Amino acid sequence: MQDKIKQLISEVDNYVASTKDQLEAFRLKYLSKKGVLTDLFSEMKNIPVEHRKDFGLLVNELKTKAEEKFQLAMTGLESVSDSGGHSDLDLSLPAEPYVLGSRHPISITRNRILSIFGRIGFTVAQGPEIEDDWHNFTALNFPENHPARDMQDTFFIEQREGTDSIALRTHTSSIQVRVMETTKPPIRILAPGRVYRNEAISARAHCFFHQVEGLYIDEGVSFADMKQTLLYFSREMFGAETKIRLRPSYFPFTEPSAEMDVTCSICKGKGCNVCKYTGWLEILGCGMVDPNVLTNCGIDAEKYTGFAFGMGIERIAMLRHDVKDLRLFSENDVRFLKQFSGE
Ligand code: DAH
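In this text the structure is predicted, and so the values were computed from the model without any measurement.

Draft legend 1. Quick look at the pattern of salt bridges. According to the stated counting rule, one finds 14 salt bridges in the structure shown. Its salt-bridge partner being Lys65, residue Glu61 comes within 3.6 Å of it at the nearest N-O pair. Within this pair, Glu61 and its partner Lys65 are both found in helix H4 (residues 49–82), separated by four residues, close to a single helical turn. With a shortest N-O distance of 2.8 Å, Asp261 and Arg247 are connected by a salt bridge. A residue pair is termed long-range when its members are at least 10 positions apart, and Asp261 in strand S8 (residues 254–263) and Arg247 in strand S7 (residues 244–251) qualify at 14 residues. Judged by its relative accessible area of 2%, Asp261 is buried. Taken together, the shared-partner salt bridges connect Arg245, Arg247, Glu259, Asp261 and Glu282 into one network.

Dropping the structure here:
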């Protein structure tokens, strides 16, 4: 009996139906009420108990195979008849090529920045995008009425009576605070991340973008160290001929503060429409960490000094690749993104 079922199984395995009539005959033979399977199932009760389990397994195998074969043949025959008797399945055609994605230009630029600073000992730090007032503003020495706290600049999430307000971080400087609060100097970190500002979206501004913050705290760190570090970075990023210049500026968390320009890598300083014929491009803000900030974060301001800097990743990417519209970075247009696949 078992041999008979095994033979049926192999028959089913080898069965090929080329017409619907043949397939119907197959269905009647195996799967219909008067078919082989019904007979076999009713036979079950006559099988000695000790063989019943094996018998059952084999009958079930036959049933599954017959059903699968029927379904498969049915689908095959239908697709042939849909195409007027000719299958549109041409197995000799080359396969569809896989479309490979490419790294996003913001990731490429961020990784370059991290790798350049990594070579001189900066490690990567991270912090939350939803931040409290202390880490985003107060610890960074923002006076209570500083315009950066205005609703225009900041997306506030909630302000409960008597508690710190919560907002989307407006800059990655908040990560400096978190690192200084938990780490003993020497500190040498780079903190990349997404930041949010309540701004109207245009070619030059967006409500979210990316920054990298740098921080170096140790005994005897000077403004000259900062200049040298940033010169090294600029040459690695924009080419060995690049020059830098520092212009005095103001940030609440650094004193003195500066903005740094690099010679335009497109016209090499001669003047073009990217640098607005000045020969210089502004790329970052920097300065010596204000002693108040060190104290706020529990670092001895008598013993330690340090510098910090912050730059926009989109801005660097736009300058390196001559991209004119900031919105392109967040629109996910493959035609734009795939241009960077060779980077
Ligand atoms: N946080 C500043 C901004 O978002 C950028 C910045 C400027 C960071 C000077 C710094 C710095 O660490 O020293 O505009």
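Draft legend 2. Highlighting helix H2 (residues 20–30). Three or more residues of H2 are buried, namely Leu23, Phe26 and Tyr30. For H2, the angular spread of the buried residues around the axis is 55 degrees, confining them to a single face.

Draft legend 3. Layout of empty space enclosed by the protein. For the structure shown, the criterion picks out one cavity of 30 Å³ or more. Together, Glu131, Asp132, Asp133, Asn136, Phe137, Phe156, Ser165, Ile166 and Ala167 line the largest cavity. Of all elements in the fold, only strand S2 (130–132), helix H6 (133–136) and strand S4 (166–168) reach the threshold of two or more residues within the lining of the largest cavity. Residue composition of the lining of the largest cavity, grouped by class: four nonpolar, two polar and three charged.

Draft legend 4. Quick peek at the environment of Met44. Note that Met44 resides in the loop between helix H3 (36–43) and H4. For Met44, a relative accessible area of 21% translates into the label partly exposed. C-alpha separation for the pair Met44 and Phe329, spaced 285 residues apart in sequence, amounts to 68 Å. Apart from residues lying up to four places away in sequence, Met44 is in contact with Arg52, Phe55 and Gly56.

Draft legend 5. Structural context of the side chain of Ser257. With respect to the secondary-structure elements, Ser257 resides in strand S8. Note on Ser257: relative accessible area 6%, which makes it buried. Here the side chain of Ser257 touches Phe251 through a polar contact of 3.2 Å, landing on its backbone nitrogen.

Draft legend 6. Structural context of the site of the ligand. Of all residues adjacent to the ligand, which total 15 residues, the nearest are His171, Ser173, Arg197, Gln211 and Glu213. Within the side chain of Ser173, a nitrogen or oxygen atom sits 2.9 Å from a nitrogen atom of the ligand. The separation between an oxygen atom of the ligand and a polar main-chain atom of Ala308 is 3.1 Å. Considered on its own, the ligand offers 360 Å² of accessible surface; in the complex 88% of this is hidden by protein. Structurally, the ligand is housed in the largest pocket. Contributing elements (two or more residues each) for the shell around the ligand: helix H7 (173–182), strand S6 (208–218), strand S9 (280–289) and strand S10 (305–312).

Draft legend 7. Structural detail: the layout of surface pockets. Put simply, the largest pocket is a space of about 1,400 Å³. Mapped onto the lining of the largest pocket, the elements with two or more residues apiece are S6, S7, S8, S9, S10 and helix H10 (313–321). A per-element tally of the lining of the largest pocket places S9 first, with eight residues. For the lining of the largest pocket, the per-class residue count stands at 24 nonpolar, 14 polar and 12 charged. Together, 13 residues line the second largest pocket, and Arg110, Gln126, Arg169, Pro192 and Gly193 are the ones closest to its centre. Of all the elements in the fold, those that place two or more residues in the lining of the second largest pocket are helix H5 (105–118) and strand S5 (187–196). The element that contributes the greatest number of residues to the lining of the second largest pocket is H5, accounting for four residues. The class makeup of the residues in the lining of the second largest pocket is five nonpolar, five polar and three charged.

Cut-offs applied
- Residues numbered from 1 in each chain as written.
- Predicted model: local features only at pLDDT ≥ 70, side-chain atom pairs only at ≥ 80, totals over all residues.
- Heavy atoms only, no water.
- Salt bridge = Lys/Arg side-chain N within 4 Å of Asp/Glu carboxyl O.
- Helix = DSSP H or I, 4+ residues; strand = E, 2+ residues; numbered from the N terminus.
- Buried < 20%, exposed > 50% of the residue type's maximum accessible area, 1.4 Å probe, protein only.
- Arc of directions from axis to C-beta.
- 1 Å grid on protein atoms, 1.4 Å probe; cavity = no way out; pocket = protein on both sides within 12 Å on 5 of 7 lines; lining within 4 Å.
- Points joined across faces, edges and corners; volume = space filled by probe spheres on them.
- Nonpolar A, V, L, I, M, F, W, Y, C, P; charged D, E, K, R; others polar.
- Contact = heavy atoms within 4.5 Å.
- Polar contact = N/O pair within 3.5 Å; in protein donor to acceptor, adjacent residues only side chain to side chain.
- Near = heavy atom within 4 Å.
- Areas by Shrake-Rupley, 256 points an atom, 1.4 Å probe, with all protein chains shown as cover.
- Sits in = over half its atoms within 2 Å of the grid points.

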